[in-house]
Amino acid sequence: MDIGAGDEVIVPSNTYIATWLAVSQCGATPVPVEPLESTFNIDPGLIEAAITPRTKAIIPVHLYGQSADLDPIIGLAKKHGLRVLEDAAQAHGARYKGKRIGGHGDVVAWSFYPGKNLGALGMLVPLHQ
């Protein structure tokens, strides 16, 4: 994604450290944005205030089997010329407005570990089906 030293990437403030480490590993700086209390996913209404000329991407992390609110996130990314990397490690099978997670942003990252995927099963009802 051509992200490196001196760049910034917007990430949820409440995500697992691996998301932040992926950003810092390539030399960029993670910029935290607080979540919505209703979903625990990144608050799209707070993202634009975090965008600077050094911002290159937004990483919405889909948590607890439910998707982040992608339309406003993707809209902001297009408006500011940013990339969207979906972290879907906790959202296997989730949908956003009828479309499976992973086909909305520029790239999607998946992983599997039973504690994060199976442990979240049934905890919350997805809001954006």
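Sequence order sets the numbering: in each chain, residues are counted from 1 along the sequence as written. Given that this is a predicted model, residues contribute local features only at a pLDDT of at least 70 and side-chain atom pairs are listed and counted only at 80 or more, while totals for whole chains, interfaces and linings are drawn from all residues. Remark: hydrogens and water are excluded; side-chain values derive from all non-hydrogen atoms of the structure.

A closer look at the environment of Tyr64
Then, in step 1: Topologically, Tyr64 is positioned in the loop between strand 3 (55-58) and helix 3 (70-80).
Then, in step 2: The rule is simple: take the accessible area with a 1.4 Å probe, protein chains only, and divide by the maximum for that residue type; under 20% is buried, over 50% is exposed, in between is partly exposed. With relative accessibility at 28%, the residue Tyr64 sits in the partly exposed group.
Then, in step 3: Separated by 25 residues in sequence, Tyr64 and Ala89 place their C-alpha atoms 9.4 Å apart. Counting from the N terminus, the helices are the DSSP runs of H or I reaching at least four residues and the strands are the DSSP runs of E reaching at least two.

Quick look at the sheet that holds strand 4 (residues 83-87)
Then, in step 1: Two strands make a pair as long as DSSP finds a minimum of two bridges between them. A sheet is described by the order of its strands in space; here 5 strands give the open sequence 2-1-3-4-7, paired in parallel fashion. Either end of the sheet is taken by a strand with one partner, and the two such strands are strand 2 (29-33) and strand 7 (107-109). For this sheet the average axis-to-axis angle between neighbouring strands, irrespective of direction, equals 30 degrees.
Then, in step 2: Note: strand 1 (residues 8-12) against strand 3, 3 bridges, orientation parallel. In the sheet register, Glu8 faces strand 3, and the bridge partner there is Thr55.
Then, in step 3: In this description, contact between two residues means that some pair of their heavy atoms is separated by no more than 4.5 Å. As a rule, the C-alpha atoms of each element are fitted with a line to give its axis, helices using only the stretch in contact, and angles between N-to-C directions run from 0 to 180 degrees. Across the sheet, helix 1 (residues 17-25) is in contact with strand 1, strand 2 and strand 4; its angle to strand 1 comes to roughly 180 degrees.
Then, in step 4: Of the strands in this sheet, strand 3 and strand 4 are in contact with helix 3, which crosses strand 4 at around 150 degrees.

Side note on a nonpolar patch on the surface
Then, in step 1: Without a salt bridge and with relative accessible area above 30%, a residue can belong to a patch; like charges are then joined within 9 Å and nonpolar side chains (Val, Leu, Ile, Met, Phe, Trp, Tyr) within 5 Å. Per-residue and other accessible areas follow the Shrake-Rupley method at a 1.4 Å probe size, with only the shown protein chains counted as cover for residues. Note on definitions: salt bridges are taken to be side-chain nitrogens of Lys or Arg within 4 Å of carboxyl oxygens of Asp or Glu. Residues Tyr16, Ile17 and Leu21 make up a contiguous nonpolar surface patch of roughly 350 Å² in combined accessible area.
Then, in step 2: Within the secondary structure, Ile17 sits in helix 1.
Then, in step 3: For Ile17, a relative accessible area of 45% corresponds to the partly exposed category.

Quick word on the pattern of salt bridges
Then, in step 1: Under the criterion given, the structure shown has 4 salt bridges.
Then, in step 2: For Lys97, the salt bridge goes to Asp71, with nearest N and O atoms at 2.6 Å. Linking Lys97 in the loop between strand 5 (95-96) and strand 6 (99-100) with Asp71 in helix 3, this pair joins segments that are 26 residues apart in sequence.
Then, in step 3: Of the charged contacts in the structure, one is a salt bridge between Arg83 and Asp106, with a shortest N-O distance of 3.5 Å. One end of the pair, Arg83, is in strand 4; the other, Asp106, is in the loop between strand 6 and strand 7, and 23 residues separate them in sequence.

These figures capture arrangement, not role.
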